[in-house]
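Single-letter residue listing:
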Amino acid sequence: MAAVTTFSIPDTRHHARLDPQAVQDAGIVLCDLDGCLMSEGRLFAETADFVESCGARLRIVSNRSDSTAAALSRQLSDLGLCVPAAHVLLAGEFTLAHLARQGVRRLTLCAAPILVERARALGLDPEARDPEAVLLCRDPGQNVDTLGPLVTRLAQGARLWVANEDVSHPDHAGQPVAETGALLAALLAIRPGLVWRSLGKPHAAMLTHALTEAGLTAADAVFVGDNALTDGKAAAAAGMPFIHIHRRSGQ
């Protein structure tokens, strides 16, 4: 395991669990998903009360790249949480929408089927033979046999986009589950000089987009997350205070 990077995130508060009173004065509450509200499909004990307390102020801002806002909203509804799709930002879907707005049409998309369908709905060709870009999302279908063709497309000039750079996310017991960054690491092992772009946290793009959509500023907001290296840095880049949820294993 790599040594922990030492740095300080301005205006950070630390909590062992979600606390509605900690965000009661915020006009908008931006919150990470995995490790904060839920993990591996299971809610944490205090999640329902926290979501209910936040009400319409809550925005989920997650690096997840294996689902869509609509699908996640339905999943949360099945678990008893009311979070409209319009209040959910997920890195994979967010990046697809960005590429569509930038005029990209031909894409090699490494992603779950639901995101492939979303790409087509946005007017993208996710299986283009001569792609303008390659977008790497969390895709269990990728393996040592499929990475080679990706490297070839990148060598031919396609730009590499990565939904997020997270190597893993925590399961309910705090153990790591491989993420998109693990696939990126595999590509870098094959071609060390790769250059890529990512709008996932710690980039502030999703946070500032949520503020713009709500018509609010960073002064009105607070960000709640469990990862100081991604959530904390994104909050700092967006200029908003950060509440760091540091759960004990198995909590």
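Scroll up for the structure.
A short tour of the structure in this document, coming up. (Residues numbered from 1 in each chain as written. Predicted model: local features only at pLDDT ≥ 70, side-chain atom pairs only at ≥ 80, totals over all residues. Heavy atoms only, no water.)

As a further point, take the overall build of the protein. Summing up its helical and strand segments, the protein has eight helices and 14 strands in all. Against the globule reference of 18 Å for 251 residues, the protein gives a C-alpha radius of gyration of 18 Å, in line with a compact fold. Based on the C-alpha atoms only, the size of the protein along its principal axes is roughly 55 × 40 × 35 Å. Among the 251 residues that make up the protein, the fraction classed as buried is 51%. Intrachain contacts of the protein at a sequence separation of at least 6 include 69% that bridge at least 24 residues. If you sum the accessible surface of the protein, you get close to 11,700 Å²; carbon and sulfur atoms cover 51% of it. Counting 22 positive and 27 negative side-chain charges, the protein places the averaged centre of each group 4 Å from the other. (Helix = DSSP H or I, 4+ residues; strand = E, 2+ residues; numbered from the N terminus. Rg over C-alpha atoms; globule rule 2.2 N^0.38 Å. Buried < 20%, exposed > 50% of the residue type's maximum accessible area, 1.4 Å probe, protein only. Contact = heavy atoms within 4.5 Å. Areas by Shrake-Rupley, 256 points an atom, 1.4 Å probe, with all protein chains shown as cover. Lys, Arg positive; Asp, Glu negative; His and termini not counted. Charge placed at Lys NZ, Arg CZ, Asp CG, Glu CD.)

Once that is clear, we can look at the pattern of salt bridges. Throughout the structure, instances matching the rule amount to ten salt bridges. Note that Lys201 is salt-bridged to Asp32, the shortest N-O span being 2.9 Å. Here the residue Lys201 occupies a position in the loop between strand 12 (196-197) and helix 7 (205-214), and Asp32 occupies one in the loop between strand 2 (28-31) and strand 3 (38-39), the gap between them amounting to 169 residues. For the pair formed by Lys201 and Asp32, the shared burial category is buried. (Salt bridge = Lys/Arg side-chain N within 4 Å of Asp/Glu carboxyl O.)

This next bit is on the environment of Val61. Position of Val61 relative to the elements: it lies in strand 5 (residues 58-62). Expressed as a C-alpha distance, the spacing of Val61 and His87, which sit 26 residues apart in the sequence, is 8.6 Å. Setting aside chain neighbours within four positions, we find Val61 in contact with Leu30, Cys31, Asp32, Leu89, Lys201, Met206, Leu207 and Phe223.

A few words now on the side chain of Thr95. Mapped onto the secondary structure, Thr95 falls in helix 3 (residues 91-101). Classification of Thr95 by relative accessible area gives buried; the value is 0%. Not counting chain neighbours up to four residues away, the residues in contact with Thr95 comprise Leu135, Trp161, Ala163 and Leu199.

Before going further, it helps to spend a moment on the sheet that holds strand 7 (residues 107-110). Pairing is parallel in the open sheet, where four strands are placed in the order 7-8-9-12. Either end of the sheet is taken by a strand with one partner, and the two such strands are strand 7 and strand 12. Sheet analysis places strand 8 (residues 133-136) next to strand 9 (residues 159-162), joined by four bridges and oriented parallel. Directly across from Leu135, in strand 9, lies its bridge partner Trp161. (Pairing = 2+ DSSP bridges.)

Turning to unusual backbone geometry, a few remarks are in order. Along the chain, Lys201 connects to Pro202 via a cis peptide bond; the corresponding omega equals 20°. Within the secondary structure layout, Pro202 lies in the loop between strand 12 and helix 7. Here the phi dihedral of Glu40 falls at roughly 50°; this positive angle occurs in a residue that is not glycine. Locating Glu40 in the fold gives a position in the loop between strand 3 and strand 4 (42-43).

Here we take up the environment of Val224. Within the element layout of this structure, Val224 appears in strand 13 (residues 221-225). By relative accessible area, Val224 is classed as buried at 1%. Separated by 210 residues in sequence, Val224 and His14 have C-alpha atoms that sit 9.8 Å apart. Here Val224 is in contact with Leu18, Val23, Val29, Leu30, Cys31, Asp32, Cys36, Phe50, Phe242, Ile243 and Ile245, once residues within four sequence places are set aside.

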